[in-house]
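Letter by letter, the chains look like this.
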Amino acid sequence: MIIESSLASLGKYCLFLCRVFSFPDRWKESFKRYINEIVKLGLDSIPLVIVISIFIGAVCTIQMYLNTTSPLMPRYSVGLATREIILLEFSSSILCLILAGKVGSNIASEIGTMRVTEQIDALEIMGVNSANFLVLPKILAMITFITVLVVFSMFTSLWGGYMVCAVTGLVPVSTYVYGIQTMFIEWYVWYAIIKSLFFAFVISSVASYFGYYVKGGALEVGKASTNAVVSSSILILLLDVILTKVMLQ
Amino acid sequence: MIEVRNIKKSFDGKTILHGISTSFYDGKTNLIIGQSGSGKTVLMKSIVGLLRPEEGEILYDGRDIMRMNAGQMKNLRKEIGMLFQGSALFDSETVLGNVMFPLKMFSDLTPDEQLERAHFCIERVNLKGADDKYPSEISGGMQKRVAIARAIALNPKYLFCDEPNSGLDPKTSILIDELLSDITKEYNITTIINTHDMNSVLGIGENIIFVDKGHNGWTGTKDDIFDSECQALNDFVFATDLFRRVKNYVKATRNDRKEGVK
Ligand SMILES: Nc1ncnc2c1ncn2[C@@H]1O[C@H](COP(=O)(O)OP(=O)(O)O)[C@@H](O)[C@H]1O
Ligand SMILES: [Mg+2]
């Protein structure tokens, strides 16, 4: 039963994506929407990204300090370990999980509301491919802007660690800075960015899918947005495992 | 003219439309009436192609939409305007933006001409001066009028209205009815209106189709309705004391007139 229904959903999702990835009726209108979505989904997420990144960066640094008190470990390992955590997992996977909550629920409720108030029917009746018109700009905006968010998060997280060192003097600032520079592997940055592209696609397409097929009223819109966040979070975690295995081995 | 032949539609095994056949005429206000839940919206959505009936034919001046390919469908869509029950205005667009929308997407007019056409439509529905308001800032009646303006922006041949005066006060309802009726005559549109409002039925019902729990109930005009023998229709239309009195009055005056002729 469960397998059958999930396969049915998967099929419906694929058909939905086929409708999304077709040529827009009017490029100009779709481009305008794309710019709007970048502002709404991307730029508006920056404050959240900054706040979370600074704090996680700071906490990571403190934890690393507290948990690596062995005399055999050099002090700069605090910076080094913080950097690896941030680059490898936090700024891509965890950040995208958080964005799945913010952006995903926003997308699902917006599209879901348009569905239950018949705005999507109104588009269809005019002859607009509503899936393409509403969803494609969102997916493209998320995929293009996620890179900015990820890189932004890397810098602010490391800066959060730096601030902790500077304010509390856990580790001398120069040692921390040495730590975050030493044994740097550039591929990790690309790995984080590539992962996040997949996650951005998952967040925007899954949330749109849940919103697009809402039936009923306001209550169902709420449910759809919860389901969208849960499903996209699980998919992100699953993809994380797969992509890590593929790219880091 | 739109001809509907024997359309059947069911959801999850539950049949909603049991083979409806009827015709809708040019330049007339065609009404689909029936109780809530009788399948009026499903019928209308099937006719415009938002739902796909399992059986039947739907002919737009001879063109069967059940056999159209995507391109033909798209062309037909440009000839159709639709007014949804909840207005379905785009929340993120202003009044002007809503009316401009179909023009921007589908017309070959220049931006200036589009603006001119949008203003013309907004004035036609007596909403001059509301251009920059958002749908959430205007009353239900105004929203309906914006939706009418948007529906007629591309000069449709067919106009569909799902309960255009639900949720409106009687006076505003009559204004909307009159507006729809005037537009129908002015541009010779095939207008189809879903309603369960008796004022509309008796006011603008030039061709009335009564849907009785998904079955063809009765067809006629607002004048025929007083003589109908159809029990379900009478129960529906003359449900209130007021309308029973209207019926008795109309019948009495008709008899007087007949006797006068003699
Ligand atoms: N998408 C749908 N899925 C399942 N049932 C539906 C759907 N749309 C309408 N129905 C059912 O069809 C019946 C007729 O609905 P509707 O056409 O909206 O009535 P009304 O005459 O009030 O417009 C109702 O019982 C409704 O529950
Ligand atoms: Mg209805």
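All figures in this text were calculated on a predicted structure; none of them were measured in a lab.

Observations concerning the overall build of chain A
Here is step 1 of the chain: Each helix and strand counted, chain A has nine helices and zero strands in total.
Here is step 2 of the chain: Secondary structure of chain A in N-to-C order comes out as α-α-α-α-α-α-α-α-α.
Here is step 3 of the chain: Along the first, second and third principal axes, the C-alpha set of chain A runs to 70 × 40 × 35 Å.
Here is step 4 of the chain: Relative to its full complement of 249 residues, chain A shows a buried share of 49%.
Here is step 5 of the chain: A sequence separation of at least 24 residues applies to 86% of the contacts in chain A between residues at least 6 apart.
Here is step 6 of the chain: Carbon and sulfur atoms make up 74% of the accessible area of chain A, which totals about 11,700 Å².
Here is step 7 of the chain: Taking the 16 positively charged and 14 negatively charged side chains of chain A as two groups, their mean positions are separated by 2 Å.

What to know about the packing of aromatic side chains
Here is step 1 of the chain: Here the structure, examined in full by the defined rule, presents 16 aromatic pairs over all chains.
Here is step 2 of the chain: Between Tyr60 of chain B and Tyr158 of chain B, the ring centres sit 4.9 Å apart and the planes meet at 85 degrees, which makes this aromatic pair edge-to-face. Of this pair, Tyr60 of chain B sits in strand S4 (residues 55-60) while Tyr158 of chain B sits in strand S7 (residues 158-162), placing them 98 residues apart in sequence.
Here is step 3 of the chain: Aromatic rings pair up to connect Tyr13, Phe16, Tyr209, Phe210, Tyr212 and Tyr213 of chain A into one cluster.
Here is step 4 of the chain: The cationic tip of Lys12 of chain A hangs over the ring face of Tyr213 of chain A; the distance from NZ or CZ to the ring centre is 4.4 Å.
Here is step 5 of the chain: Directly above the aromatic system of Tyr212 of chain A lies the positively charged group of Arg115 of chain A, at a separation of 4.8 Å from the ring centroid.

So, the sheet that holds S4 of chain B
Residues and elements named next belong to chain B.
Here is step 1 of the chain: Spatially, the four strands line up as an open sheet ordered S2-S1-S4-S5, and their pairing is antiparallel. Bordering the open sheet on either side are strand S2 (14-24) and strand S5 (63-64), each of which pairs with just one other strand.
Here is step 2 of the chain: Lying on the sheet, helix H1 (residues 40-48) is in contact with strand S1 (2-11), S2 and S4; it crosses S1 at an angle near 120 degrees.

Points about the interface of chain A and chain B
Interface extent is often summarised as the accessible area lost during association of the parts.
Here is step 1 of the chain: At the junction of the two partners, chain A supplies 17 residues and chain B supplies 22 residues.
Here is step 2 of the chain: Each partner contributes to the roughly 1,900 Å² buried at the junction of chain A and chain B, and carbon and sulfur atoms together form 60% of this total.
Here is step 3 of the chain: Looking at the side of chain A facing chain B, the largest losses of area belong to Arg26, Ile125 and Met126 of chain A, adding up to 37% of the total buried there.
Here is step 4 of the chain: Summed over the shared surface of chain A and chain B, the number is four salt bridges.
Here is step 5 of the chain: Put simply, Lys74 of chain B and Asp25 of chain A hold a salt bridge, and the shortest N to O gap is 2.5 Å.
Here is step 6 of the chain: One can count nine residue pairs in polar contact (both at pLDDT 80 or more) joining chain A with chain B.
Here is step 7 of the chain: No other element matches the seven residues that helix H5 (residues 119-126) of chain A contributes to the side of chain A that touches chain B.

Quick notes on the site of ligand 1
Residue and element names in this part refer to chain B.
Here is step 1 of the chain: Phe11, Lys14, Ile16, Gln35, Ser36, Gly37, Ser38, Gly39, Lys40, Thr41 and Val42 make up every residue found near ligand 1.
Here is step 2 of the chain: Backbone polar atom of Gly39 to an oxygen atom of ligand 1: 3.1 Å apart, as the coordinates give it.
Here is step 3 of the chain: Lys40 places a main-chain nitrogen or oxygen 2.9 Å from an oxygen atom of ligand 1.
Here is step 4 of the chain: Residue contributions to the shell around ligand 1 peak at three residues, all from H1.

Thoughts on the confidence of the model for chain B
Here is step 1 of the chain: Per-residue pLDDT for chain B averages 91, and the proportion of residues at 70 or more is 99%.
Here is step 2 of the chain: Scoring the predicted complex yields pTM 0.90 and, for the interface, ipTM 0.88.

Reading the values: the criteria
- Residues numbered from 1 in each chain as written.
- Chains lettered and ligands numbered in written order.
- Predicted model: local features only at pLDDT ≥ 70, side-chain atom pairs only at ≥ 80, totals over all residues.
- Heavy atoms only, no water.
- Helix = DSSP H or I, 4+ residues; strand = E, 2+ residues; numbered from the N terminus.
- Buried < 20%, exposed > 50% of the residue type's maximum accessible area, 1.4 Å probe, protein only.
- Contact = heavy atoms within 4.5 Å.
- Areas by Shrake-Rupley, 256 points an atom, 1.4 Å probe, with all protein chains shown as cover.
- Lys, Arg positive; Asp, Glu negative; His and termini not counted.
- Charge placed at Lys NZ, Arg CZ, Asp CG, Glu CD.
- Phe/Tyr/Trp six-rings, centres within 6.5 Å; stacked < 30°, edge-to-face > 60°.
- Lys NZ or Arg CZ within 6 Å of the ring centre and 35° of its normal.
- Pairing = 2+ DSSP bridges.
- Axes fitted to C-alpha atoms, helices over the stretch in contact; angles between N-to-C directions.
- Buried area = accessible area lost by both parts, 1.4 Å probe.
- Salt bridge = Lys/Arg side-chain N within 4 Å of Asp/Glu carboxyl O.
- Polar contact = N/O pair within 3.5 Å; in protein donor to acceptor, adjacent residues only side chain to side chain.
- Near = heavy atom within 4 Å.
- pLDDT = per-residue confidence, 0-100.

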